[in-house]
Amino acid sequence: MHQVIELEGVAKRYDSADAPALGPLTLSVAKGEALAVTGPSGSGKSTLLNLVAGLDKPTSGAVTVAGRRIDQLSEHALARFRREHIGMAFQFFNLLDDLTVTDNIQLPAQLTGTSRRSAAARAGELMEMLGIQKHARAYPGRLSGGERQRVAVARALVNRPALLLADEPTGALDTSSGHDVRDLLTDLHRAGQTIVLVTHDLTLAQACASRTLHLVDGHVALDSHARAVR
Ligand SMILES: Nc1ncnc2c1ncn2[C@@H]1O[C@H](COP(=O)(O)OP(=O)(O)O)[C@@H](O)[C@H]1O
Ligand SMILES: [Mg+2]
């Protein structure tokens, strides 16, 4: 599979609005690309991410992710698709405070039916890779923001998703934790992970993305990669 994301004539118009919040937009993201989506507040960045994640449906157009057309799937099929193929990290981490770091990371693996034992092995591998193994038995509430975001990214990666989506992952972090997450995303990109990162932080975009898509009013104002089709 060469393209991880293919959008064809995708537009999203919210009920109350008279113009689309996004698109129409045609866009491909190849395996191994790290795409940063930038643009002012309200330009459609989260809308784009939600369509790719199958969290929302387009008003028109076709959304294909990891080789699967997802815009027509039922909620049930989408939930399953997301668990198996998409990892997500958000600004506010969304960790479960009553579970340890290890259990938070393992949870999506167990939900796909992975045995507890292999889930634990995969969680251990990720904690080591992300430098959080010393917190394996801690509860998220005791960790710094940067550490929590690492846990959230480990959880996002536990099922080896074709695609990692991150929406303002440094938005709630201090500068030093932000750099931590920036380095983590850069490492993941180098390791071949396909990433779509939404951020209004241009320094973050430049540091860890191989391609930048700049949105204005729901349209692509600039695509740094438009010249090349790999
Ligand atoms: N659920 C919604 N209902 C109605 N309008 C929405 C909804 N979500 C976003 N919008 C509108 O769509 C536009 C794009 O929003 P969004 O994708 O969240 O932008 P960004 O993430 O770039 O800040 C904005 O005008 C916003 O007000
Ligand atoms: Mg947003």
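See the structure above.
Owing to the predicted nature of the structure, the values given are computational and were not obtained by experimental measurement.

### Considerations on the nonpolar core
Nonpolar side chains in soluble globular proteins tend to end up buried together. Ranked by internal contacts, the top residues of the largest apolar core, which has 37 residues, are Ile 105, Leu 188 and Leu 197. Mapped onto this core, the elements with two or more residues apiece are strand 3 (34-38), helix 3 (101-111), helix 4 (116-129), helix 5 (145-157), strand 7 (163-167), helix 6 (175-190), strand 8 (195-198) and helix 7 (202-208). If one sorts the elements of this core by residue count, helix 5 sits on top with six residues. Sequence-distant contacts of Leu 188, defined by excluding residues within four places in its chain, comprise Met 129, Val 153, Leu 157, Leu 164, Gln 193 and Ile 195. Ranked by size, the runner-up nonpolar core spans 30 residues in total, among them Leu 25, Val 37, Ile 70 and Met 88.

### Some points on the packing of helix 3 against helix 4
One way to put it is that helix 3 packs onto helix 4 with a least axis distance of 9 Å and a crossing angle of 125 degrees. The angle between helix 3 and helix 4 places the two elements in the oblique class. By crossing handedness, the relation of helix 3 to helix 4 is classed as right-handed. On helix 4, the residues that touch Val 101, Thr 102, Asp 103, Ile 105, Gln 106, Ala 109 and Gln 110 of helix 3 are Arg 116, Ala 119, Ala 120, Ala 123, Leu 126 and Met 127.

### Some details on the sheet that holds strand 6 (residues 86-90)
In any sheet, the strands associate via hydrogen bonds between backbone groups, in a parallel or an antiparallel arrangement. Within the open sheet, the six strands sit side by side as 6-7-8-3-9-10. Their pairing is mixed. Both outer strands of the open sheet, strand 6 and strand 10 (219-223), are each paired with one neighbouring strand and no more. In this sheet, adjacent strand axes meet at a mean angle of 20 degrees when their direction is disregarded. Summarising the sheet, strand 3 and strand 9 (residues 211-216) pair through four bridges and their orientation is parallel.

### Focus: the site of ligand 1
Neighbouring ligand 1 are the residues Tyr 14, Ala 21, Pro 40, Ser 41, Gly 42, Ser 43, Gly 44, Lys 45, Ser 46 and Thr 47. At 2.8 Å, a side-chain N or O of Lys 45 approaches an oxygen atom of ligand 1. A distance of 2.6 Å separates an oxygen atom of ligand 1 from a polar atom in the side chain of Thr 47. Surface burial for ligand 1 is 55%, taken as the share of its 560 Å² of free accessible area covered by protein chains. Taken together, the residues of the shell around ligand 1 break down into three nonpolar, six polar and one charged.

### With respect to unusual backbone geometry
Between Gly 23 and the following residue, Pro 24, the backbone shows a cis peptide bond with an omega angle of 5 degrees. Phi angles above zero are rare outside glycine, and Ala 66 is one such case at about 55 degrees. Inspection of the secondary structure puts Ala 66 in the loop between strand 4 (60-65) and strand 5 (68-69). Its identity as a non-glycine residue notwithstanding, Glu 168 has a phi of 45 degrees, on the positive side. Here Glu 168 is to be found in the loop between strand 7 and helix 6. Residue Glu 168 is classed as buried on the basis of its relative accessible area, which comes to 11%.

Conventions used here
For every chain, the first residue of its written sequence is number 1, and the numbers climb from 1 along that sequence. Key to labels: chains lettered from A, ligands numbered from 1, both in the order written. Local features in this predicted model are restricted to residues whose pLDDT is 70 or higher, and side-chain atom pairs enter the listing and the counts only when it is 80 or higher, whereas totals over whole chains, interfaces and linings include all residues. Only hydrogens and water are removed before side-chain values are computed, so all heavy atoms of the structure are retained for them. Residues grouped as a nonpolar core are buried Ala, Val, Leu, Ile, Met, Phe, Trp, Tyr and Cys residues, joined through side-chain atoms within 4.5 Å. Only protein chains enter the calculation, and the probe is 1.4 Å; a residue is then buried if its accessible area is under 20% of its type maximum, exposed if over 50%, and partly exposed in between. Put simply, DSSP marks the helices as runs of H or I at least four residues long and the strands as runs of E at least two long, and each gets a number from the N terminus on. By definition, residues are in contact when any of their heavy atoms lie within 4.5 Å. Axis lines are fitted to C-alpha atoms, over the contacting stretch for helices. Their N-to-C directions set the angle, which ranges from 0 to 180 degrees. Here the word oblique covers every angle except those under 35 degrees (roughly parallel), over 145 (roughly antiparallel) and from 65 to 115 (roughly perpendicular). The crossing is said to be left-handed when, going from far helix to near helix, the turn is anticlockwise and less than a right angle, and right-handed when the turn is clockwise. Any two strands with at least two DSSP bridges between them are considered paired. We call a residue near a molecule or strand when any one of its heavy atoms sits within 4 Å of it. Pairs of N or O atoms within 3.5 Å make up the polar contacts considered here, provided that, within protein, one atom can donate a hydrogen while the other can accept it, and that residues adjacent in sequence are counted only when both atoms are side-chain atoms. Reported accessibility uses the Shrake-Rupley method at a 1.4 Å probe radius. Residues are deemed covered only where the shown protein chains occlude them. Residues are grouped as follows: Ala, Val, Leu, Ile, Met, Phe, Trp, Tyr, Cys and Pro are nonpolar; Asp, Glu, Lys and Arg are charged; all remaining types, including Gly, are polar.

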